[in-house]
Amino acid sequence: MPNVQPTQIVPIIYTPPVQRPVVPWPGRLLALAVAGAALAVLIVGVTLAPSAGGMATHRQMGFPPCQFLVTSNLPCPTCGMTTSFAWFVRGNWLASLYVQPMGFVLALITGTCFWAGIYIAVTGRPIQRLLQQVPMVMLVCALVGLGIAAWGWKIFIHLRGIDGWR
């Protein structure tokens, strides 16, 4: 066996130069489109007057009444979402959370998508490192669980007759 020096046993560590990742122009335009879509949803929320009854704000856009509610006298999982968005964009987050908790969360996510889209479009910096910190399976399970709990809350306040914000 040849005589091996200790410096030859330790591997050489090579670190490539770190370059700041940049989102290419098509990605930046897509981020701008996402920000625009999120802003459009929030602007629609501003144009609608929140229903005092906690539901039926969507009727101002010409949509029919909720058939699930009409048939069963129970709110569907999305009942109150538009009202929640309308309260959210007015800064009354407590009312938004009360009339439909999942609507509040979705409005918060919509606002976050707007700001993240603007950030990516302007700076060209990706946010995937931030998104990789969130385990997506747990996030989806948490959102589904929150959606079910929010529906239960909406049914509870509807049956009690306290589903409006006055």
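Coordinates for the structure precede this section.
Residue positions are counted from 1 within each chain, in the order its sequence is given. Two thresholds apply to this predicted model, a pLDDT of at least 70 for residue-level local features and 80 or more for giving and counting side-chain atom pairs, whereas whole-chain, interface and lining totals are computed over all residues. Heavy atoms from the whole structure form the basis of all side-chain values; hydrogens and water molecules are not counted.

Participant: An account of the overall build of the protein chain is needed here, citing residue identities and associated values.
Facilitator: Where helices and strands are cited, they refer to DSSP runs of H or I of at least four residues and of E of at least two residues respectively, numbered from the N terminus. Each helix and strand counted, the protein chain has eight helices and zero strands in total. From first element to last, N terminus to C terminus, the protein chain shows the α and β order α-α-α-α-α-α-α-α. When accessible area is computed with a 1.4 Å probe and restricted to protein chains, residues below 20% of their type maximum are described as buried, those above 50% as exposed, and intermediate ones as partly exposed. Here the protein chain, with 166 residues, has 29% of them falling under the buried criterion. Here the contacts in the protein chain between residues at least 6 apart in sequence split such that 68% fall between residues at least 24 apart. Computed by Shrake-Rupley with a 1.4 Å probe, the accessible areas treat only the displayed protein chains as cover when residues are assessed. Within the structure as shown, the protein chain displays about 11100 Å² of accessible surface, and the carbon and sulfur contribution to it stands at 73%. Contacts: residue pairs with any heavy atoms within 4.5 Å of one another.

Participant: Residues and numbers for the side chain of Thr-57, please.
Facilitator: Take Thr-57: it is sitting in the loop between α2 (25-47) and α3 (67-72). Judged by its relative accessible area of 0%, Thr-57 is buried. Filtering out sequence-adjacent residues up to four positions away, Thr-57 remains in contact with Leu-48, Ala-49, Pro-50, Ser-51, Thr-82, Thr-83 and Ala-86.

Participant: Hey, could you go over the packing of aromatic side chains for me, with residue numbers and the actual values?
Facilitator: Any two rings among Phe, Tyr and Trp, with Trp reduced to its six-membered ring, count as a pair given centres within 6.5 Å; such a pair is stacked if its planes are under 30 degrees apart, edge-to-face if over 60, and tilted if neither. All chains considered together, the criterion is met by eight aromatic pairs. For the ring pair Trp-153 and Phe-156, a centre distance of 5.8 Å and an interplane angle of 35° mean the geometry is tilted. On the criterion of helical spacing, the pair formed by Trp-153 and Phe-156 is a turn pair, its members being three residues apart in helix α8 (residues 136-160). Given a relative accessible area of 32%, Trp-153 falls into the partly exposed group.

Participant: Quick one: what's the story with the nonpolar core, residue by residue and with numbers?
Facilitator: Phe-85, Phe-88, Phe-104, Val-105 and Ala-107 form the largest nonpolar core, which has five residues in total. When residues of this core are traced back to their parent elements, those giving at least two are α4 (81-89) and α6 (101-123). Among residues more than four places away in sequence, those in contact with Ala-107 are Leu-42, Phe-85 and Phe-88. Buried Ala, Val, Leu, Ile, Met, Phe, Trp, Tyr and Cys residues form a nonpolar core when they are joined through side-chain atoms within 4.5 Å.

Participant: How would you explain the packing of α4 against α6 if you had to name every residue and give the values?
Facilitator: For the pair α4 and α6, the least separation of the axes is 8 Å and the interaxial angle reads 55°. Classed by the angle they form, the pair α4 and α6 counts as oblique. Like other packed secondary-structure pairs, α4 and α6 cross with a definite hand, here right-handed. From α4, Met-81, Ser-84, Phe-85 and Phe-88 reach across to α6, where they touch Met-102, Gly-103, Phe-104, Leu-106, Ala-107, Leu-108 and Thr-110. The angle between two axes is taken between their N-to-C directions and runs from 0 to 180 degrees, where each axis is a line fitted to C-alpha atoms and a helix contributes only its stretch in contact. When an angle is under 35 degrees it counts as roughly parallel; over 145 it counts as roughly antiparallel; between 65 and 115 it counts as roughly perpendicular; any other value is oblique. Each crossing is labelled by how the near helix is turned from the far one, with a counterclockwise turn of less than a right angle marking it left-handed and a clockwise turn marking it right-handed.

Participant: Before we move on, can you summarise the packing of α2 against α4 with the specific residues and values?
Facilitator: Running from N to C, α2 and α4 cross one another at 90°; their axes reach a closest spacing of 8 Å. When the axis of α2 is compared with that of α4, the two are roughly perpendicular. When α2 is examined against α4, the residues Val-41, Leu-42, Gly-45 and Val-46 are found in contact with a partner set consisting of Phe-85, Ala-86 and Val-89. Lys, Arg, Asp and Glu make up the charged group, whereas Ala, Val, Leu, Ile, Met, Phe, Trp, Tyr, Cys and Pro make up the nonpolar group; the residues left over, Gly among them, are polar. For the contact of α2 with α4, the per-class residue count stands at six nonpolar, one polar and no charged.

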